[in-house]
Amino acid sequence: TLAPPVGREGLKQAVFRSLDVNRDGWLNSQEMLPFVKQTGFDGTDADWAEEYQLLCSDAGCDPSRGLSFKEFAGMVDDTSDEGCFCSDEELQAMLGAHAPAVQPSPEMQDPWS
């Protein structure tokens, strides 16, 4: 059993890891979708495709690669209109809502080790 995350930095890391289903260290469009829905996005798939491109542009990342932890952390700490600020309580609630969909097998690359 994993220890509970400690502090805001730990919460951000835990949420990122829970969203990073393929464990490649990047959040692609599909992996980000549960997060944005949790934070109020209720558009169509086409709306999300457009919004994801804008999000990546704002974060300065390549949409084909996705967001790194640093870019994700910056987004959830950003209180401006371009950001997607999340309180510690919201991050904690996401951990309950987004348990990893797959359990990594030993041979899967773990960018966190």
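Keep in mind that what you see is a predicted model, and the values were worked out from it rather than measured.

## A look at the overall build of the chain
Item 1. Each helix and strand counted, the chain has five helices and zero strands in total.
Item 2. Ordered by position in the sequence, the α and β elements of the chain form the string α-α-α-α-α.
Item 3. Expressed as a percentage of the 113 residues in the chain, the buried residues total 35%.
Item 4. In the chain, 60% of the contacts between residues at least 6 apart in sequence involve partners at least 24 apart.
Item 5. With the model as given, the accessible surface of the chain reaches about 6800 Å², and the carbon-plus-sulfur share is 51%.

## A look at unusual backbone geometry
Item 1. The phi angle at Arg-23 is positive, at roughly 55°, despite the residue not being glycine.
Item 2. Judged by its relative accessible area of 12%, Arg-23 falls in the buried class.

## Overview of helix α4 (residues 69-77)
The α-helix advances 3.6 residues per turn, and as a result positions three or four apart in sequence lie on the same side.
Item 1. The complete set of buried residues in α4 reads Phe-69, Glu-71, Phe-72, Ala-73, Met-75 and Val-76.
Item 2. Buried-residue contacts for α4 involve α1 (7-19), α2 (29-38) and α3 (45-59).

## Description of the layout of surface pockets
Item 1. In this structure, the second largest pocket encloses a volume near 360 Å³.
Item 2. Forming the walls of the second largest pocket are 18 residues, and the residues nearest its centre are Leu-55, Met-75, Glu-82, Gly-83 and Cys-84.
Item 3. Mapped onto the lining of the second largest pocket, the elements with two or more residues apiece are α3 and α4.
Item 4. Counting residues per element, the lining of the second largest pocket draws most heavily on α3, at six residues.

Here is what the cut-offs are and how they apply
- Residues numbered from 1 in each chain as written.
- Predicted model: local features only at pLDDT ≥ 70, side-chain atom pairs only at ≥ 80, totals over all residues.
- Heavy atoms only, no water.
- Helix = DSSP H or I, 4+ residues; strand = E, 2+ residues; numbered from the N terminus.
- Buried < 20%, exposed > 50% of the residue type's maximum accessible area, 1.4 Å probe, protein only.
- Contact = heavy atoms within 4.5 Å.
- Areas by Shrake-Rupley, 256 points an atom, 1.4 Å probe, with all protein chains shown as cover.
- 1 Å grid on protein atoms, 1.4 Å probe; cavity = no way out; pocket = protein on both sides within 12 Å on 5 of 7 lines; lining within 4 Å.
- Points joined across faces, edges and corners; volume = space filled by probe spheres on them.

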